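Given next are the chains, with one letter for each unit.
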Amino acid sequence: MAVALPAVVEELLSEMAAAVRECARIPDEHLLSLKFVFGSSAIQALDLVDRQSVTLISSPSGRRVYQVLGSSGKTYTCLASCHYCSCPAFAFSVLRKSDSLLCKHFLAVYLSQVMRTCQQLSVSDKQLTDILMEKK
């Protein structure tokens, strides 16, 4: 997944993906581990995944970004390539205070990949540029 995640998180996500492939669900012990590592963000991220709020946007040039419709109704952009989310919680809790590994939006991106529920959208390179520049 992303280079910035600790090995224990990479392993947990990998085990969750294997469980989904085998039995189409995430075992309770993995969900408990997720809550232990990420706290309340885990439940909030799972809620975003349940609501199918994560979209992978790709362009013909191969660029890929994720957009997550947050619980407030605002859309946040997540860049997996550099481990970044545009939400205020990421800036404050992850970057500034370093007391969280991920915000709920970025965790939802990883979980939607694991659970294979990520929406897909193909756009032109110009449209992707506009998305990244936050133009409507």
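Quick notes on the rules
- Residues numbered from 1 in each chain as written.
- Predicted model: local features only at pLDDT ≥ 70, side-chain atom pairs only at ≥ 80, totals over all residues.
- Heavy atoms only, no water.
- Salt bridge = Lys/Arg side-chain N within 4 Å of Asp/Glu carboxyl O.
- Buried < 20%, exposed > 50% of the residue type's maximum accessible area, 1.4 Å probe, protein only.
- Helix = DSSP H or I, 4+ residues; strand = E, 2+ residues; numbered from the N terminus.
- UniProt positions renumbered as here; feature names shortened; annotations may be inferred.
- Phe/Tyr/Trp six-rings, centres within 6.5 Å; stacked < 30°, edge-to-face > 60°.

### Considerations on the pattern of salt bridges
Moving on, step 1. If you walk through the whole model with that rule in mind, you get four salt bridges.
Moving on, step 2. Here Asp47 and Arg51 are joined by a salt bridge, their closest N and O atoms 3.2 Å apart.
Moving on, step 3. By relative accessible area, Arg51 is classed as partly exposed at 40%.
Moving on, step 4. Lys126 is the salt-bridge partner of Asp130, the closest N and O atoms lying 3.0 Å from each other. Of this pair, Asp130 and Lys126 are both found in helix 6 (residues 125–132), four residues apart, which corresponds to roughly one turn of the helix.

### So, the UniProt feature "domain: SWIM-type" (unreviewed entry) in the chain
Moving on, step 1. Per the UniProt entry, the sites bearing "domain: SWIM-type" (unreviewed entry) are residues 76–114 in this numbering.
Moving on, step 2. Its end C-alpha atoms 20 Å apart, residues 76–114 is made of 51% helix and 15% strand.

### So, the packing of aromatic side chains
Moving on, step 1. Counting across every chain of the model gives three aromatic pairs.
Moving on, step 2. With 5.8 Å between their ring centres and 80° between their planes, Tyr84 and Phe90 make a pair best called edge-to-face.
Moving on, step 3. The exposure class assigned to Tyr84 is partly exposed, which follows from its relative accessible area of 34%.
Moving on, step 4. Classification of Phe90 by relative accessible area gives buried; the value is 1%.
Moving on, step 5. Joined through ring pairs, the aromatic side chains of Tyr84, Phe90, Phe106 and Tyr110 make up one cluster.

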